[in-house]
Each structure stands twice: as C-alpha cells, then as structure tokens.
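Fold and contact review
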Amino acid sequence: MAPKTVLITGCSSGIGLALAVKMARDEQKRFKVYATMRNLTRKDKLVEAAGNTLGKTLDIKQLDVCSEESIKTCVSSIPDRRIDILVSNAGMGLIGPIECQTIDEMRTVMDTNFFGLVRLLKEILPDMKKRKSGHIVIISSVMGIQGILFNDVYAASKFAVEGFCESLAIQALKFKLQLSLIEPGPVITEFEKKVFEDGMKMDLSAADEETADMFTNIYLKNYKQIFQSLGQSAEDIAEHTVKIILTENPPFRHQTNTLYTPMTTLKYADPNGDLPIDTFYKMVFQHDKIFSASLNFIKLLRWRSRK
Ligand SMILES: NC(=O)C1=CN([C@@H]2O[C@H](COP(=O)(O)OP(=O)(O)OC[C@H]3O[C@@H](n4cnc5c(N)ncnc54)[C@H](OP(=O)(O)O)[C@@H]3O)[C@@H](O)[C@H]2O)C=CC1
Ligand SMILES: CC1=C(/C=C/C(C)=C/C=C/C(C)=C/C=O)C(C)(C)CCC1
C-alpha cells in the first residue's frame, strides 16, 4: 500500500520534531512525512534526528502558519496536493498579567495558534472534501478546555481552536473526514523554556503590587516544579498522536496526561463551572498547604503509575 502523506507544522523543535521523526522512522514505512517549519535556518536539529530518513520518508519544507502565501506554496509543492494526514502543531505560549501584555503580543498568539489552523484548513480542507478522505489532527491543550491562572490569552487561543473544530467536526463527518484534538498537559519543550524566560523578563510595572507578587511568587516560583512533576516529553505526545492516527475510528478528543485528568474532570462534573474555579483558587492561594499537598499527590500518582 502507498504510504500516507503527512504534513506537520512547527517541526523545528518539540512535539512537531518528535512526531515527524517517529512517523518517518515507522518500520512498516506507512508514512511519507512533510516536516515543515517557518524558518529553515532552524532545521539542523530535525536533520540530525531524521538521520537517513531524510529525502526518503521525510522531506523538510518551509511553512509559516501566519502566511497564506507560504501555506499555498508548500501545499502546491506536494505531489497532487495530496495530504492524507494534517497535523496542526505550530503554536506559542504567553503568560503573565494582561495589564503587562500588549494587544500586539496577544494578537500574535491568536494569529499563530488559532488563525494558523484556519489558514491551513482553508487551503487543505477542500482537497480532502473532494477526495472524501483525510485526517486532521490538532495539537490543542488541556487549556483548550480549562483556563489556568495567568494563561488568559493562550487559553483563549486554544478554546478558539476547540470551538472551531467542534463546529467543523460535524461537517467533516458528512465528508467522511476525521478530526482529532490532542490535549496534552505540560510538556517539557522549548515552549516551556521560552514562556518561563519571557515571564521572568516581563515588565510588571503596569500591574498592581498584589498581581505582580502573585505572578512572581506563586506562578513563576512553582512553574518549574509543576513541569517537573506533571510534565510529559515531546516523545510521549508523539507516541499518543501516532496511536490516535492509527486508530480506525479515532476519538474527537484525546488527553495525553492521566495525572492531569482529575483537574479537567472537575469541569465536566459541575455544569455551573464553579467547581474547577474554586478548586484552582484553593490550590493556588492556599498554596502553603494545598498547593504543596497537590504537588505531593501528583508525585504519588506518578510513582504509582510507574509501578
Ligand atoms: N509544551 C507544552 O507544555 C504544551 C504545548 N502544547 C502545544 O503543542 C504545540 C507544539 O509546542 P511545543 O512542541 O511544546 O513547543 P516548541 O516551542 O518546541 O515548538 C513550537 C513550534 O511551533 C513553531 N512555530 C511558531 N510560530 C510558527 C509559525 N508562525 N509558523 C510555523 N511554525 C511556527 C516553532 O517554530 P520556531 O522554532 O521558528 O519558533 C516551533 O517549531 C503548540 O501548539 C503548543 O501550544 C500543548 C500543550 C502543552
Ligand atoms: C498543576 C496546577 C497548576 C498549573 C498548571 C499548569 C502550569 C499547566 C500548564 C499547562 C500547559 C503549559 C499547557 C500547554 O498548552 C496551577 C494552575 C498553578 C494550580 C495548581 C495545579
């Protein structure tokens, strides 16, 4: 059987890179991977990880999800424009009090995380509909279903992705297309480093003292520890994503982190929406007791899941 063509965005690092390499190295050679990135000068890590798959089961192409022209050029360069599996992965984070962020910074997050997906689909969906086949896989986030303190705009961008996909999924079903949202919790990648460094350098002078203190002494102070105790690797997410791709009837939503599930479950447990907000409030603001107790509980779950 001919290999399925896979286009992945954001392959210069992290989840995109790990997924591209995993699929290109498939022993049964079931995939031909177009690993794309906006800036080809950043391709060295991928070239190294791809090894001898380069030019065979993996090709590298330029694609900036913020440029319609770049998307068109990339898609037109693929034989018959045929993309069997699209993985929309490119994305960026943003943390901090909104008083300290500019509208332009917020717009860039929405433009990349939400409109990036919209631009891709405007170009790729019509071909998939004509062929009545295709799988659209989106790297969303647990923040696509639940907001987190100081992640207001990032969470909004992922909520936008989820609302857009939930609407589109009904049409997709009519055209026999598959659509899956992958929802990781924290993942240890460049994303986490960039977001933390930007947070550390943030000019907090536009925020009141209490807010600035909350951001620095609660959020940033515990950030690394949260990633250490809860964080998955890019390879873990790649493994989950490939499993979903290979499932005959893939689910619409897939959370990758069972340690995080108790938190997202709170959302569905209370239609009024107060339960997750009250719980997060207690976890964050009674942090001396509850926050460290939560982290210990997570450590215990992690230890048990390894046994
Ligand atoms: N890390 C985490 O904790 C989590 C991440 N996610 C999501 O996973 C996805 C991948 O992130 P992750 O691997 O962690 O982070 P990385 O920062 O390692 O990777 C992000 C990738 O997106 C690329 N990118 C950014 N802007 C654009 C653009 N305009 N066009 C094309 N590519 C672009 C980056 O390219 P460049 O190198 O040029 O900047 C990079 O290749 C994102 O959608 C993120 O929201 C979801 C849940 C948790
Ligand atoms: C665990 C935990 C918290 C932090 C969660 C974080 C930081 C999650 C990050 C998720 C990411 C980065 C998703 C990317 O898409 C809070 C809210 C402080 C409250 C206490 C429990």
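If you're wondering where the values come from, they're calculated on a predicted model, not measured in any experiment.

Empty space within the second largest pocket amounts to approximately 410 Å³. As for the second largest pocket, its lining consists of 19 residues, of which Met 1, Lys 4, Asp 84, Ile 85 and Ile 245 are closest to the centre. Considering only residue class, the lining of the second largest pocket consists of seven nonpolar, five polar and seven charged.

The positions that UniProt labels "binding site: substrate" (unreviewed entry) are, in the present scheme, Ser 141. With respect to the helices and strands, the residue Ser 141 is situated in the loop between strand S5 (135-139) and helix H5 (152-174). Residues in contact with Ser 141, not counting those within four places in the same chain, are Tyr 154, Lys 158, Glu 162, Ile 182, Glu 183 and Pro 184. A distance of 2.8 Å separates a polar atom in the side chain of Ser 141 from the backbone nitrogen of Met 143.

Where burial is concerned, most of strand S2 (residues 31-37) is hidden: seven out of the seven residues are buried. Of the two faces of S2, the one carrying Phe 31, Val 33, Ala 35 and Met 37 and the one carrying Lys 32, Tyr 34 and Thr 36 are both buried. As paired strands, strand S1 (residues 4-8) and S2 are joined by five bridges and run parallel to one another. Along S2, the bridge assignment pairs Thr 5 with Lys 32. Between the parallel pair S1 and S2, the chain is carried across by helix H1 (residues 14-24), and the sense of this crossover is right-handed. One crossover worth recording links S2 to the parallel strand S3 (residues 58-62) by way of helix H2 (residues 44-50), and it is right-handed.

It is worth spelling out helix H6 (residues 190-201) at this point. Helix length check: H6, at 12 residues, gives a terminal C-alpha distance of 16 Å against a target of 16 Å (1.5 Å per residue), a fit within 8%. Lining the buried residues of H6 we find strand S7 (187-188) and helix H7 (209-230).

In a regular helix each residue adds 1.5 Å, so 23 residues correspond to 33 Å; H5 covers 34 Å between its end C-alpha atoms and thus fits that length. A maximum bend of about 30° is found in H5 at Leu 168. Buried within H5 we find Val 153, Tyr 154, Ala 155, Ser 157, Lys 158, Val 161, Glu 162, Cys 165, Leu 168 and Ala 172. Of the surrounding secondary structure, the elements contacted by the buried residues of H5 are helix H4 (103-131), S5, strand S6 (178-183), H6 and strand S9 (253-255). Downstream of H5 by one or two residues, Lys 176 has phi in the positive range, about 60°.

Now for the sheet that holds S9. Overall, parallel pairing links the seven strands, which are arranged S3-S2-S1-S4-S5-S6-S9 in an open sheet. Every other strand in the sheet has two partners, leaving S3 and S9 as the edge strands with one partner each. Across the sheet, the mean angle separating the axes of adjacent strands is 20° when strand polarity is ignored. Note that S2 and S3 share five bridges and pair parallel. Across the sheet, Tyr 34 pairs through a bridge with Asp 59, a residue of S3.

Cut-offs used in this document
- Residues numbered from 1 in each chain as written.
- Chains lettered and ligands numbered in written order.
- Predicted model: local features only at pLDDT ≥ 70, side-chain atom pairs only at ≥ 80, totals over all residues.
- Heavy atoms only, no water.
- 1 Å grid on protein atoms, 1.4 Å probe; cavity = no way out; pocket = protein on both sides within 12 Å on 5 of 7 lines; lining within 4 Å.
- Points joined across faces, edges and corners; volume = space filled by probe spheres on them.
- Nonpolar A, V, L, I, M, F, W, Y, C, P; charged D, E, K, R; others polar.
- UniProt positions renumbered as here; feature names shortened; annotations may be inferred.
- Helix = DSSP H or I, 4+ residues; strand = E, 2+ residues; numbered from the N terminus.
- Contact = heavy atoms within 4.5 Å.
- Polar contact = N/O pair within 3.5 Å; in protein donor to acceptor, adjacent residues only side chain to side chain.
- Buried < 20%, exposed > 50% of the residue type's maximum accessible area, 1.4 Å probe, protein only.
- Pairing = 2+ DSSP bridges.
- Right-handed = clockwise from strand over helix to strand, strands pointing away.
- Expected span 1.5 Å × (residues − 1).
- Bend = angle between axes of the 7 residues up to and from the residue.
- Axes fitted to C-alpha atoms, helices over the stretch in contact; angles between N-to-C directions.

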